[in-house]
Amino acid sequence: MEHESKEVRVQISPNPQGPMKYLVFLVLGTLALFLLVGAKSELKRDDDMPNTISTSASASRSVKPDTAIASFSIRKENASLEIARNEVSTLSTKVVDFLKKEGVAEKDIRSTSYNIYPQESYDSRPCVLNSGASIACPPRPTTKTFVVETTYEVKMRDLDKVGSLIAGVSESGVNQISSLRFTLDDATMEKLRAEARDEAIRKAQEKAKILARSLNVRLDDLVNFSEGGGEQPIYYDRSFGKGGMMEASSAPAPSIAVGENEIVSSVTLVYEID
C-alpha cells in the first residue's frame, strides 16, 4: 500500500497595522497627559494669584511761572535768493544782539530751523469775451521768488521784561511770533512735582486703609505703583494778520498776563490683602 506524503507549510506574515496602532495609542496618551498637566498647572497659578485692591489719588501745586519761552521767525521773500538770504542773516544778527543787550543769556537763544524754498505766483485774471464772440485771454506770466526764513526759540527769565522784549525783537526784524508760553525751571519743577507726589501718595494710602476696613480685610505688601500728571502751563497765543501768527512788526508792546501754572501728580497704589 502506498502512502502519499504531503508537506504542509505554515507561513506567518507580520500585521503592518499592529505597530502603527500602538504608536497612535502612545501619541494620544502622551498628548492627553500633557494637557492634563497643563490644566493642573494653570489651576495652580490661578490659586496662587494674590487678592489685591487699588486706590488712586491726585494732588497739585499752583505757582507763578518763572520762565517765558517765545518762538519767533524772520522771513524774507525776494526774486534773488542771495538778497533774501542776506536780509535774513542781517536781521538775525540784529535780533540776537538786541536780546543779549537786554540781558538774555546766549544759552537761552536757540535757532530751531532755517528754511529756503522757491515760491511761484500765477496770474489768475480771467479771459474776456470781446465783441464778435471772440475770447481774449491776458498773458499769464509766472513770477518766481525765493523765501528764506529762520526760527528762534528764546527763554526769557525776567517776566517783567517779556512785553518789551517782544516789542524789541519786532522792531529789530522779527515779523512772525508763533507762540509764547510760561513754564518753570527744572529745579523748581522737580521740587513741586515731588511735593504733589508725596501728598497724592498719602491720600491714596488713607483711601486704601478706609477701603480695607470697609471690606473687613487687612492690607499687606504694596505690589504696584504708578504715577501720571505733569505741568499745565498757561499759553499766550494771539492772532494778528496772516496765518494765525502775530505780525510782530505791526503790533505794539503787548501786555502779558502771566497767571499761574499747575503741577499735577496722580498716583495709583495696589496692595495685597488678606
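What you see is a predicted model; the values in this text were computed from it and never measured.

### Examining the overall build of the protein chain
Each helix and strand counted, the protein chain has four helices and 10 strands in total. Tracing the protein chain from N to C terminus, the helices and strands come up as α-β-β-α-β-β-β-β-α-β-α-β-β-β. Buried positions account for 29% of the 274 residues belonging to the protein chain. Taking all contacts inside the protein chain whose residues are at least 6 apart in sequence as the whole, residues at least 24 apart take part in 85%. Looking at the protein chain as shown, the accessible area adds up to about 18,400 Å², and 53% of this sits on carbon and sulfur atoms.

### Concerning the side chain of Ser 71
Counting through the fold element by element, Ser 71 comes out in strand 2 (residues 67-78). Among the residues examined, Ser 71 registers a relative accessible area of 16% and is labelled buried. Discounting chain neighbours no more than four positions away, the residues touching Ser 71 are Thr 151, Tyr 152, Ile 177, Ser 178 and Ser 179.

### Considering the pattern of salt bridges
A full pass over the atoms with the stated rule returns 14 salt bridges. As a salt-bridge pair, Glu 106 and Lys 100 come within 3.9 Å of each other at their nearest N and O atoms. Residue classification places Lys 100 among the partly exposed positions, given a relative accessible area of 37%. Measuring nitrogen to oxygen at the nearest pair gives 3.0 Å for the salt bridge that ties Arg 197 to Glu 227. Placement of Arg 197 in helix 4 (residues 186-215) and of Glu 227 in strand 8 (residues 219-232) is noted, with a sequence separation of 30 residues between them. Residue Glu 227 is classed as partly exposed on the basis of its relative accessible area of 36%. Put simply, Arg 61, Lys 191, Glu 195, Glu 199 and Lys 203 are held in one network by salt bridges that share partners.

### Thoughts on the side chain of Ser 172
For Ser 172, the location among the structural elements is in helix 3 (residues 162-172). A polar side-chain atom of Ser 172 sits 2.9 Å from the main-chain carbonyl oxygen of Gly 168. Apart from residues lying up to four places away in sequence, Ser 172 is in contact with Leu 91, Lys 94, Val 95 and Phe 98.

### Re the environment of Ile 83
On the secondary structure map, Ile 83 appears in helix 2 (residues 81-101). As a C-alpha pair, Ile 83 and Phe 146 span 63 residues in sequence and 9.4 Å in three-dimensional space.

### Brief notes about helix 3
In terms of burial, helix 3 is a largely internal element, nine of the 11 residues being buried. Of all the positions in helix 3, only Val 162, Gly 163, Leu 165, Ile 166, Ala 167, Gly 168, Val 169, Ser 170 and Ser 172 are classed as buried. Buried residues in helix 3 make contact with strand 2, helix 2, strand 6 (142-156) and strand 7 (176-183). At the C-terminal side of helix 3, Gly 173 shows a positive phi close to 140 degrees.

### Considering helix 4
Counted at 1.5 Å a residue, the expected span for helix 4 with its 30 residues is 44 Å, and the 43 Å between its end C-alpha atoms agrees. Taken as a whole, helix 4 has its buried residues at Met 189, Leu 192, Ala 196, Arg 197, Ala 200, Ala 204, Ala 208 and Ala 212. Capping of helix 4 at its N-terminal end is provided by Asp 185; its side-chain oxygen lies 3.1 Å from the backbone amide nitrogen of Ala 187. Taken from the residues just after helix 4, Asn 216 is the one with a positive phi, measuring 60 degrees.

Conventions used here
- Residues numbered from 1 in each chain as written.
- Predicted model: local features only at pLDDT ≥ 70, side-chain atom pairs only at ≥ 80, totals over all residues.
- Heavy atoms only, no water.
- Helix = DSSP H or I, 4+ residues; strand = E, 2+ residues; numbered from the N terminus.
- Buried < 20%, exposed > 50% of the residue type's maximum accessible area, 1.4 Å probe, protein only.
- Contact = heavy atoms within 4.5 Å.
- Areas by Shrake-Rupley, 256 points an atom, 1.4 Å probe, with all protein chains shown as cover.
- Salt bridge = Lys/Arg side-chain N within 4 Å of Asp/Glu carboxyl O.
- Polar contact = N/O pair within 3.5 Å; in protein donor to acceptor, adjacent residues only side chain to side chain.
- Expected span 1.5 Å × (residues − 1).

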